[in-house]
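Each chain, written out:
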Amino acid sequence: MNLIVVSNRVARGKPNEPMTGGLAAALLPVVEHSGAIWVGSSGRVRDGHQKEPFAEIEALGTGAIATLDLPAAHYGGYYEGFANSALWPALHSRSDLIRVSREDYVSYREVNAFMARALLRFRKPKTAFWVQDYHFLALGAELRELGVDDPIGFFLHTPWPVAAVIQGVPNHRELITAMLAYDLLGFQTEEDRQNFLGYVGGELGLAIEDGIAISQHGRTRCEVFPIGIDAEKFAAYAAKSASHPDVSRLRRSLNGERLAIGVDRLDYSKGLVNRISAFDRLWTEHPQFARSISLLQIANPSRGGIEAYGNLQNEVARLVSDVNGRHGEVDWTPIRYLNKGFSQAVLAGLYRAAQIGVVTPLHDGMNLVAKEYVAAQNPADPGVLVLSKFAGAANELDAALLVNPHDIDGMARAIAIAAAMPLTERKMRWDAMMKKLRGHTIQQWSADFVAGLEKCRTEKAAVAPLAAQPPQALRWLRSAISGVRLI
């Protein structure tokens, strides 16, 4: 069947341009190799007077990307309002940061409805829709309202919290009921899936049968699809980028010291304050590590119009300045702090130059940086990954040094252990993690999800005898059993 992938933003896949986030990095190979159409926001807005949504379309591998100008009257309430000031903090268990109005929710639903109308122009016979992330929780329901009977799946890249937290989101019952219009809901971890089903069964009082929620929309299958990366491609990037000027200059500047690296969007979920505090504690309690371990922290700013993000940017900058002021010397800077993005190719080289990867979010759906760091390492002399136990990646990369990001002393100890770890142990841990990465690739993730969508549509079509179904059901069944071009 023809696959339409939908997300808030898209990426062009140019290896020399900065990547906009983990979701974009994950979807690029899916679109390039599957022939899918990837639809998302252009980043621009328009007034509501055009006859139909304006789209720009360009080729991307065997597929294509289509970008839309979203409605100006609702974009702010949709994006900075409900999506990132209500849903994002709730999904990361920070209900204390929810700041939202009724108008924001209305705008969120309006943009979901706008996107649903726009998608109709890309619909062909035997089409399936694969919707990405929290920006479009209600998009499936809007497509159903327009009469779309094709398979529609949804994948959540963030965590899903316990019921008591998601109940802090205004209109949560209406929104989650709308989510059940999807045929398939995908989650990063089993904990996320169970939290969602717990809400559906407890708060909505719906029946749950073997992970399938039964609602007014029918049957919604809830499954776990841990997202992966193309480990071999990233390893090739790392080897090739060793001679890149940025990487070469970094290596020359180290003067034999060990380098730790952190790469994050500047977001309160990433645990940057605690991470920097852990390095401060390391240098304070163990001064022998001064000049022998330094940190390169890349933190690309985002969502600057939201108060919580502006406050965080100021707090992190002040903390870095304080730590460097206490521990720095005239010829040594403990923390190199950069507020800009890098391409995947350059990042791979920077990862390989670092003996310690520090990925310590307070809560994360997966965190592909952890997987990229491992894949980028030199097999003959790999670095050590220090990883938060609250990142979804910890379920697979259990050979990393797992830490509690709220335990500053514990993180400082883990960094010291990583710096002193002998080669034999480093190679053993790296081999175990690479085996996991090779077995759960981005290609396998996408193929598994689409196969799951195909399966649940087959089950849905078979619930009633074919003779008793309306003519649309025959199209459902044909869509479900047709092939999907995925590599």
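Right, let's walk through the structure included here. The shown structure was predicted, so the numbers you read here are calculated from the model rather than taken from an experiment.

Now for the overall build of the protein. Looking only at helices and strands, the protein has 17 helices and 16 strands in total. Its C-alpha atoms give the protein a radius of gyration of 23 Å, within 12% of the compact-globule value 23 Å for 487 residues. Structurally, the protein occupies a C-alpha span of about 80 × 45 × 45 Å along its principal axes. Per-residue burial for the protein yields a buried fraction of 57% across its 487 residues. If you take every contact in the protein between residues at least 6 apart in sequence, the share linking residues at least 24 apart comes to 78%. If you sum the accessible surface of the protein, you get close to 19400 Å²; carbon and sulfur atoms cover 51% of it. The centroid of the 52 positive side-chain charges in the protein is displaced by 5 Å from the centroid of its 51 negative side-chain charges.

With that settled, the discussion passes to the pairing of strand β7 (residues 184–187). Residues L184 and G186 of β7 are buried on one face, and the alternating residues L185 and F187, pointing to the opposite face, are buried as well. As defined by bridge partners, strand β6 (residues 152–155) adjoins β7 across three bridges and the pair is classed as parallel. When the sheet's bridge partners are listed, G153 is paired in β7 with L184. In this sheet, strand β10 (residues 218–224) lies alongside β7 in parallel orientation, the contact comprising four bridges. In the strand pairing of β10, F187 is matched with V224.

Following both chains from N to C, one finds helix α13 (residues 368–375) and helix α15 (residues 423–439) inclined at 120 degrees, their axes separated by 10 Å at the closest point. Comparing the axis directions of α13 and α15 gives the class oblique. Crossing of α13 over α15 shows left-handed handedness. Between α13, through K371, V374 and A375, and α15, the contact on the second element is made entirely by W430, M433, M434 and L437.

Oppositely charged side chains may form a pair once their charged atoms are brought near each other. All chains considered together, the criterion is met by 26 salt bridges. In this structure, D149 engages R123 in a salt bridge whose closest nitrogen and oxygen atoms are separated by 3.2 Å. Of this pair, D149 sits in the loop between α4 (139–145) and β6 while R123 sits in the loop between α3 (102–119) and β5 (127–132), placing them 26 residues apart in sequence. When its relative accessible area of 3% is taken as the criterion, D149 is described as buried. A residue is classified by how much of its surface remains accessible, and R123, at 31% relative accessible area, is partly exposed. Salt-bridge contacts for R193 lead to E190; the nearest nitrogen and oxygen are separated by 3.0 Å. Taken together, the positions of R193 and E190, both in helix α7 (residues 190–202) and three residues apart, correspond to about one turn of that helix. One continuous salt-bridge network, built from bridges that share partners, spans R44, R46, E56 and D69.

Reading guide: rules and limits
- Residues numbered from 1 in each chain as written.
- Predicted model: local features only at pLDDT ≥ 70, side-chain atom pairs only at ≥ 80, totals over all residues.
- Heavy atoms only, no water.
- Helix = DSSP H or I, 4+ residues; strand = E, 2+ residues; numbered from the N terminus.
- Rg over C-alpha atoms; globule rule 2.2 N^0.38 Å.
- Buried < 20%, exposed > 50% of the residue type's maximum accessible area, 1.4 Å probe, protein only.
- Contact = heavy atoms within 4.5 Å.
- Areas by Shrake-Rupley, 256 points an atom, 1.4 Å probe, with all protein chains shown as cover.
- Lys, Arg positive; Asp, Glu negative; His and termini not counted.
- Charge placed at Lys NZ, Arg CZ, Asp CG, Glu CD.
- Pairing = 2+ DSSP bridges.
- Axes fitted to C-alpha atoms, helices over the stretch in contact; angles between N-to-C directions.
- Parallel < 35°, antiparallel > 145°, perpendicular 65-115°, else oblique.
- Left-handed = near helix turned anticlockwise from the far one by under 90°.
- Salt bridge = Lys/Arg side-chain N within 4 Å of Asp/Glu carboxyl O.

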